[in-house]
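# Coordinate inspection notes
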Amino acid sequence: MIIRAYQQTDSYEVFQLFQNTIRVTNSPDYSSAEIEAWISCTNEISLNERLLNSYTLVAVKDNKIIGYGNIQKNILDHLYIHHNYVHQGVATKLCDLLERQTQLPILVHTSITAKPFFEKRGYHTLNKRDNFINNQLLINYEMQK
């Protein structure tokens, strides 16, 4: 696995990874309707702009992007890993590199699914957040390290 800077040419592959991760990895914690509402908030163009305007890294294995993450100032924004590579150190490596780009405290709004990962990294919950998107309640957590 190599980790490199995000490039605009990664846009389509990263957007597909974003959608796939939510649909597969997050499915035990969110309903199908919640997942589709979550995905509907982002399109390839807006995600690409977001990632180009922050410090963004991608993890690549066998010429395929298997994970990505970004940080802007002290906010860890996205951290998405392909479901075939969860629990293989990809998120840890990306997060280590992203956290080095800022100073504490670092904030993250994390899914129910990712909350244990961040707790193991020393983040603590500031509050539970109820987000209503397309008439769906999506719960996540504001956490800080």
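Residues numbered from 1 in each chain as written. Predicted model: local features only at pLDDT ≥ 70, side-chain atom pairs only at ≥ 80, totals over all residues. Heavy atoms only, no water.

## Looking at the packing of aromatic side chains
Applying the stated rule across the entire model yields six aromatic pairs. Consider the rings of Tyr30 and Trp38, whose centres lie 5.3 Å apart with planes at 65°: the pair is edge-to-face. For the pair formed by Tyr30 and Trp38, the shared burial category is buried. An aromatic cluster is present here, built from Phe15, Phe18, Tyr68 and Tyr80 joined pairwise through their rings. If you follow Lys115 out to its NZ or CZ, it ends over the ring of Tyr141, 4.8 Å from the centre. (Phe/Tyr/Trp six-rings, centres within 6.5 Å; stacked < 30°, edge-to-face > 60°. Buried < 20%, exposed > 50% of the residue type's maximum accessible area, 1.4 Å probe, protein only. Lys NZ or Arg CZ within 6 Å of the ring centre and 35° of its normal.)

## Concerning the environment of Val60
If you trace the backbone, Val60 turns up in strand β2 (residues 55–61). Along the chain, Val60 and Ile2 lie 58 residues apart, while their C-alpha atoms are 5.3 Å from each other. Those residues in contact with Val60 that sit more than four places away from it in its chain are Met1, Ile2, Arg4, Ile65 and Ile66. (Helix = DSSP H or I, 4+ residues; strand = E, 2+ residues; numbered from the N terminus. Contact = heavy atoms within 4.5 Å.)

Just distances and angles here, no functional claims.
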